[in-house]
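# Chains, contacts and geometry: an overview
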Amino acid sequence: MVENLVSDLPILEKLELNFCFKLTRLKFSSCVLRQLTFCSHKSLMEVEIDTPKLLRFEYGAPKLPVIFSLTRSSLQESYLKLTPNDHLNTSWFQNLRAYLSRFEQLNVLVLSINSTNITFIAEELNGTSSCPLSVVKHLKIQQVMQSLNFETLLDSLLWTCHPETLSVDRTWEHNEEFIQFLREKLIEREIVPPCCDSRCIKCWRHYLKKVEVESSTRQYGNPSSPRQVSTICF
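From a predicted model like this one, the values you see are computed outputs, not experimental measurements. The residue numbers shown here count from 1 along each chain, following its written sequence. Side-chain atom pairs in this predicted model are given and counted only at pLDDT of 80 or more, local residue features only at pLDDT of at least 70, and totals for whole chains, interfaces and linings cover all residues. Side-chain metrics rest on all non-hydrogen atoms present in the structure, leaving aside hydrogens and water.

## What to know about a nonpolar patch on the surface
Without a salt bridge and with relative accessible area above 30%, a residue can belong to a patch; like charges are then joined within 9 Å and nonpolar side chains (Val, Leu, Ile, Met, Phe, Trp, Tyr) within 5 Å. Surface accessibility in these figures is a Shrake-Rupley result with a 1.4 Å probe; residues are shielded only by whichever protein chains are displayed. When a carboxyl oxygen of Asp or Glu lies within 4 Å of a side-chain nitrogen of Lys or Arg, that pair is called a salt bridge. Together, Met45, Val66 and Ile67 make up a nonpolar patch on the protein surface, roughly 290 Å² of accessible area in all. Under the scheme used here, helices are H or I runs from DSSP no shorter than 4 residues and strands are E runs no shorter than 2 residues, and both carry numbers assigned from the N terminus. Checked against the element boundaries, methionine 45 lands in the loop between β3 (35-39) and β4 (46-50).

Structural data, given as structure tokens:
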């Protein structure tokens, strides 16, 4: 369906696909497309697009595509919004890290975590590179469930990527507890953490150099809809 649409519109530069519940795969090529947006409550299984002039890519769904291939030579802005609601484990964060590694830079990674169960075991990483990915410019947490283990969530997120900034939406009442946890955990950290002396894979504490906390009103990727957020700069 989308392949035919793109081929029938040879000068199409902007394509938005919102709530296409029957769409399971996105596979096409275009020499002129500059902006592509997919947003739905149903995830795609496959994304394979050849768009050498694409400047902006946005994907919003509960899960990542199983197959993902994207031409990134001219990509300037990339936005990824995930809303996982099932059990999050080490494998889930490994898959997210592998997905992020395909970008030279991801402007914003947005997570709205509806899951109430999370496990992350560093020993399961099986020789994965220890240094966190620095391709993510900004990590935004929209929602965190109150019953979630905050320490495990922080460990898994900052192992997956090392953003320049991390912000938490203060609109959700449960997020205040997570914000307070971040303040205490990040600012009061030890300069030389002894946590990984016996491990080959070092955690994020060994790479974190500086932390600054500020409160502001902003909305990443959507300036017309400002919200109260707490931002942590690394």
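## Some details on the state of the cysteines
A pair of sulfur atoms, both from cysteines and within 2.5 Å, is called a disulfide here. By the definition in use, this model includes zero disulfides. Not engaged in a disulfide, the cysteine cysteine 39 finds its nearest cysteine sulfur in cysteine 20; these two sulfurs lie 9.9 Å apart. Relative accessibility decides the category of a residue: with a 1.4 Å probe and only protein chains considered, values under 20% of the type maximum give buried, values over 50% give exposed, and everything between is partly exposed. On the basis of relative accessible area, cysteine 39 is assigned to the partly exposed category, the value being 33%.

## Observations regarding the packing of aromatic side chains
Geometry of aromatic contacts follows a simple scheme: Phe, Tyr and Trp rings, the Trp one being its six-membered ring, pair when their centres are within 6.5 Å, and the pair is stacked under 30 degrees between planes, edge-to-face over 60, tilted otherwise. Considering all chains together, one arrives at twelve aromatic pairs under this definition. Ring geometry for phenylalanine 93 and phenylalanine 120: centres 6.1 Å apart, planes at 90°, overall edge-to-face. Taken as a pair, phenylalanine 93 in helix α2 (residues 90-100) and phenylalanine 120 in the loop between β8 (106-113) and β9 (136-144) lie far apart in primary sequence, 27 residues in all. Accessibility assignment for this pair places phenylalanine 93 and phenylalanine 120 in one class, buried. Criterion for a charge above a ring: Lys NZ or Arg CZ within 6 Å of the ring centre, and within 35 degrees of the ring normal. Arginine 97 extends its terminal NZ or CZ atom over the ring of tryptophan 159, reaching a point 4.7 Å from the ring centre.

## Remarks on the sheet that holds strand β6 (residues 67-70)
Paired through backbone hydrogen bonds, the strands of a sheet run either parallel or antiparallel to each other. If you walk across this open sheet you meet the three strands as β2-β4-β6, and the pairing is parallel. The open sheet terminates on both sides in strands that have one partner only, identified here as β2 (25-29) and β6. Each strand axis lies, on average, 10° off the axis of its neighbour in the sheet, ignoring direction. As paired elements, β2 and β4 share five bridges and run parallel to each other. Paired with serine 29 across the strands is aspartate 50, a residue of β4. Two strands qualify as a pair provided that DSSP identifies no fewer than 2 bridges between them. Axis definition: a line fit to C-alpha positions, over the contact stretch in the case of helices; interaxial angles, taken between N-to-C directions, run 0 to 180 degrees.

## Description of the environment of aspartate 155
Among the secondary structure elements, aspartate 155 is positioned in helix α3 (residues 150-160). For aspartate 155, the residues in contact, after removing those within four places along its chain, are Phe120, Trp204 and Arg205. Residues are treated as being in contact if the distance between any of their heavy atoms lies within 4.5 Å.

## Notes on the environment of valine 135
For valine 135, the position within the fold is in the loop between β8 and β9. Sequence separation of valine 135 and glutamate 164 is 29 residues, and the distance between their C-alpha atoms is 9.3 Å. Contact partners of valine 135, with chain neighbours within four places excluded, come to Leu100, Phe103, Glu104, Gln105 and Leu106.

## Some remarks on the pattern of salt bridges
Inspection of the entire model under this criterion finds nine salt bridges. Measuring nitrogen to oxygen at the nearest pair gives 3.8 Å for the salt bridge that ties glutamate 46 to arginine 25. Of this pair, glutamate 46 sits in strand β4 while arginine 25 sits in strand β2, placing them 21 residues apart in sequence. Exposure remark for glutamate 46: the relative accessible area of 16% places this residue in the buried category.

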